[in-house]
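# Fold and contact review
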Amino acid sequence: MAGTVPLRASRGEARVSSAASESSAVKWLLIGAAGLVLIWLIVLPLILVLTEALKQGWDVYWAALKDPDAASALKMTLLVAGITVPLNTVFGVVAAWAVTKFKFRGKGLLITLIDLPFAVSPVIGGLIFVLVFGAHGWFGPWLAAHDIKIVFALPGIVLATLFVTFPFVARELIPLMEDQGTQEEEAALTLGARGWQIFFRVTLPNIKWGLLYGIILCNARAMGEFGAVSVVSGHIRGETNTLPLHVEILYNEYQFSASFAVASLLLLLALVTMLIKSWLERKNLK
């Protein structure tokens, strides 16, 4: 009987060792599979974009970037992002504050409306604004009579971009603020703090990293949006084209090197966005 204990122990150790080795094998198998998928779907296309952009040399590459239409598209992209991101930031904070700090009828409906752009195709979102503000839309005749341009102009592009990007900030803040609860705000209220004081001194420091993360995601989507903007912009060169639309026009005209050169500019903006995102995540973990 005395010898059975070591025997059982050795069998148990063997099982643990077998389970650990199997777990390690599964882990590396999953990591390898994920790595292959990322290389195939992300890394190789990015390398292809850069390769095609430089295929005809640096002169062609710089000429495509210095083209007046490309410069106008870049200006339009940055302008639209510069308008929509601050507006969505304000909306996201207000919506998250309302959903997490107050009880009211229609809260579920408000959350559903916030999530609606995730479910609706961007093309449909752009078409909605054409049906509302277009020449034959609900407000089209009135807008034409007062010489106000919404569709095929900057306001329409901003509205379409607002539609597809407004959930990002709110959706980053709502779970975060729900987890934090309302105890700190209630304590500040009992000490005599007012609404804006509570927000800037209590709420904002607790949500700042989530807020910045949501702003970065919103900005990335605003600069890269194609579907909704394509519907409302009219593709007017030098006036209403954004960078994604300019890439499509160049590609359809068989100017492949130029189209990939402009696409590489979008890629650069995306990489800068991701670097900022990674830096914020590391700062948040410290």
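Residues numbered from 1 in each chain as written. Predicted model: local features only at pLDDT ≥ 70, side-chain atom pairs only at ≥ 80, totals over all residues. Heavy atoms only, no water.

## Section: the environment of Ser 230
Summarising the element assignment, Ser 230 is placed in helix H11 (residues 227-233). Residues Ser 230 and Val 123, spaced 107 residues apart in sequence, show a C-alpha to C-alpha distance of 7.8 Å. Once residues lying within four places of it in the same chain are set aside, the contact partners of Ser 230 are His 235 and Leu 245. (Helix = DSSP H or I, 4+ residues; strand = E, 2+ residues; numbered from the N terminus. Contact = heavy atoms within 4.5 Å.)

## Considerations on the domain arrangement of the chain
Per the domain assignment, the segments making up the chain are domain 1 (23-54) and domain 2 (57-285). Buried surface at the junction of domain 1 and domain 2, both sides included, amounts to about 720 Å², of which 79% is carbon and sulfur. On the domain 1 side of the interface with domain 2, the three residues burying the most area are Val 49, Ala 53 and Leu 54, jointly 63% of the side's total. Applying the counting rule to domain 1 against domain 2 returns zero salt bridges. (Domains from an automatic or database assignment. Buried area = accessible area lost by both parts, 1.4 Å probe. Salt bridge = Lys/Arg side-chain N within 4 Å of Asp/Glu carboxyl O.)

## Things to note about the side chain of Thr 165
With respect to the helices, strands and loops of the structure, Thr 165 is situated in helix H7 (residues 154-165). Judged by its relative accessible area of 0%, Thr 165 falls in the buried class. Within the structure, Thr 165 has its side chain in polar contact with the side chain of Asn 88 (distance 2.6 Å). (Buried < 20%, exposed > 50% of the residue type's maximum accessible area, 1.4 Å probe, protein only. Polar contact = N/O pair within 3.5 Å; in protein donor to acceptor, adjacent residues only side chain to side chain.)

## Quick word on the layout of surface pockets
Taken as a whole, the largest pocket encloses approximately 340 Å³ of empty space. Taken together, 13 residues form the lining of the largest pocket, with Gly 224, Ala 263, Leu 266, Leu 267 and Ala 270 sitting closest to its centre. Listed by contribution, the elements that provide at least two residues to the lining of the largest pocket are helix H1 (4-53), helix H10 (195-224) and helix H13 (256-285). By residue number, the principal contributor to the lining of the largest pocket is H13, which donates eight residues. Here the lining of the largest pocket is built from residues that sort into 11 nonpolar, two polar and no charged. (1 Å grid on protein atoms, 1.4 Å probe; cavity = no way out; pocket = protein on both sides within 12 Å on 5 of 7 lines; lining within 4 Å. Points joined across faces, edges and corners; volume = space filled by probe spheres on them. Nonpolar A, V, L, I, M, F, W, Y, C, P; charged D, E, K, R; others polar.)

## A look at empty space enclosed by the protein
Counted under the stated rule, the structure contains one cavity of 30 Å³ or more. Here the largest cavity defines a volume of roughly 40 Å³. What lines the largest cavity is Thr 77, Val 80, Ile 157, Thr 161, Ala 222, Met 223, Glu 225, Val 229, Thr 242 and Pro 244. Contributing elements (two or more residues each) for the lining of the largest cavity: helix H3 (68-101), H7 and H10. For the lining of the largest cavity, the per-class residue count stands at six nonpolar, three polar and one charged.

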